[in-house]
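Summary of the model geometry
The lines below spell out each chain.
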Amino acid sequence: FRSNVKKYTAKSSYDGVLALTTRQDIKKSLAKDVASDLKKFWGDYKEIIKLNSFVGCRKDSIAHIGSDGKNLVPVALVGLGDLGRTDGENLETLRRSVATGLSLLKARSAKKIKLILPSAKLFNLSEKELVEDITALIFMANYKFTEFKKRNEKPKASKIGRAHV
C-alpha cells in the first residue's frame, strides 16, 4: 500500500473488500468465493499471500491494494486461525478478526466494504444469525464515544447499505 494514495473514487458498489479465512483453508485451498475475489483484485493472490508470510493464524492479516480494472480497491485478508474451540471462543475470534479487517480498510478510506464471510457452520450458527452478529459487530466497531468532546463537534452516523449472504 502506498501512503501517497489517500482517496479512492470507486464506481463499484463497494470500495473495500474484507475476506476472512481459516488456517486450514490456507493450508488446503481457499473457499471459491475468497479465491475468485482475491484473484480478481490481486491477480496472483497466492504469491501475495506467500510474500506476506500469511498463514491464516489468528491476528494474521494482509492489507494490499488491488484493482477491479478501473479503480484501486483496498483488500484485507484476515486469518481466523484454527477454529475448533468452544462456540463462544470461535465467535470472539471472528469478532476480533472482523474488527482488525475493518480497521485496516478504514485506514485506507474504504467506506463501503464487501464482506466475504466463512461458513456459518464453523460457528454453529445459521447464515441469518451470522449476518446479524456481524452487522451488530460493525455497528459496535464504528461507535465513537463523544461524551467529553467539544459541543460543536457532531458525531457522524454509520450507514449499512446492504448485506448479502
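These lines cover the structure that appears in this document, whether it is placed above or below. This structure is a prediction, so every number in the text was calculated from the model and none was measured. (Residues numbered from 1 in each chain as written. Predicted model: local features only at pLDDT ≥ 70, side-chain atom pairs only at ≥ 80, totals over all residues. Heavy atoms only, no water.)

Right, let's get into the overall build of the protein chain. When its secondary structure is counted, the protein chain shows 5 helices and 4 strands. N-terminal to C-terminal, the α/β element order of the protein chain is β-α-α-α-β-β-α-β-α. By residue count, 35% of the 165 residues in the protein chain fall in the buried class. Restricting to contacts in the protein chain with at least 6 residues of sequence separation, those with at least 24 account for 66%. For the protein chain, the accessible surface area stands at approximately 11000 Å², while carbon and sulfur atoms represent 51% of it. (Helix = DSSP H or I, 4+ residues; strand = E, 2+ residues; numbered from the N terminus. Buried < 20%, exposed > 50% of the residue type's maximum accessible area, 1.4 Å probe, protein only. Contact = heavy atoms within 4.5 Å. Areas by Shrake-Rupley, 256 points an atom, 1.4 Å probe, with all protein chains shown as cover.)

We now examine the pattern of salt bridges. Following the criterion strictly, the structure yields 5 salt bridges and no others. Glu132 is paired through a salt bridge with Lys128; the nearest N and O atoms lie 3.3 Å apart. On the criterion of helical spacing, the pair formed by Glu132 and Lys128 is a turn pair, its members being 4 residues apart in helix α5 (residues 127–142). Overall, the relative accessible area of 42% leaves Glu132 in the partly exposed class. Ionic contacts of the salt-bridge type, sharing partners, join the residues Glu92, Arg95 and Arg96 into one network. (Salt bridge = Lys/Arg side-chain N within 4 Å of Asp/Glu carboxyl O.)

For any pair of aromatic rings, geometry is given as the distance between the ring centres together with the angle between the planes. Under the counting rule described, the total for this entry stands at 1 aromatic pair. Ring geometry for Tyr14 against Phe41: centres 6.3 Å apart, planes inclined by 70 degrees, an arrangement best described as edge-to-face. With Tyr14 in the segment before β1 (16–21) and Phe41 in helix α2 (residues 32–42), the pair connects residues that are 27 residues apart, well separated along the chain. With relative accessibility at 14%, the residue Tyr14 sits in the buried group. (Phe/Tyr/Trp six-rings, centres within 6.5 Å; stacked < 30°, edge-to-face > 60°.)

A few words now on α5. Helix length check: α5, at 16 residues, gives a terminal C-alpha distance of 23 Å against a target of 22 Å (1.5 Å per residue), a fit within 8%. Along α5, the residues that are buried comprise Leu130, Val131, Ile134, Leu137 and Ile138. In a view along the axis of α5, the buried residues occupy a sector of 125 degrees, so they form one face of it. Projecting away from the buried face of α5 at angles above 90 degrees are the exposed residues Lys128 and Met140. (Expected span 1.5 Å × (residues − 1). Arc of directions from axis to C-beta.)

Residue placement: Asp37 occurs in helix α2. For Asp37, a relative accessible area of 10% translates into the label buried. Ignoring anything within four residues of it in the chain, the contact list for Asp37 reads Lys114 and Ile116.

A few words on the packing of helix α4 (residues 87–106) against α5. At a closest axis distance of 10 Å, the pairing of α4 and α5 adopts a crossing angle of 50 degrees. Taken together, the axis directions place α4 and α5 in an arrangement best described as oblique. Seen along the crossing, α4 lies across α5 with a hand that is right-handed. Note on element contacts: α5 touches α4 through Leu130, Asp133, Ile134, Leu137, Ile138, Ala141 and Asn142, opposite Leu91, Leu94, Arg95, Val98, Ala99, Leu102 and Lys106. Across the contact of α4 with α5, the residue classes tally to 10 nonpolar, 1 polar and 3 charged. (Axes fitted to C-alpha atoms, helices over the stretch in contact; angles between N-to-C directions. Parallel < 35°, antiparallel > 145°, perpendicular 65-115°, else oblique. Left-handed = near helix turned anticlockwise from the far one by under 90°. Nonpolar A, V, L, I, M, F, W, Y, C, P; charged D, E, K, R; others polar.)

In this section: α2. Taken together, the buried positions of α2 are Val34, Ala35, Asp37, Leu38, Phe41 and Trp42. Buried-residue contacts for α2 involve β1, α3 (45–51), β2 (61–67), β3 (72–79) and β4 (113–116). Directly after α2, the chain includes Gly43, whose backbone phi takes a positive value near 75 degrees.

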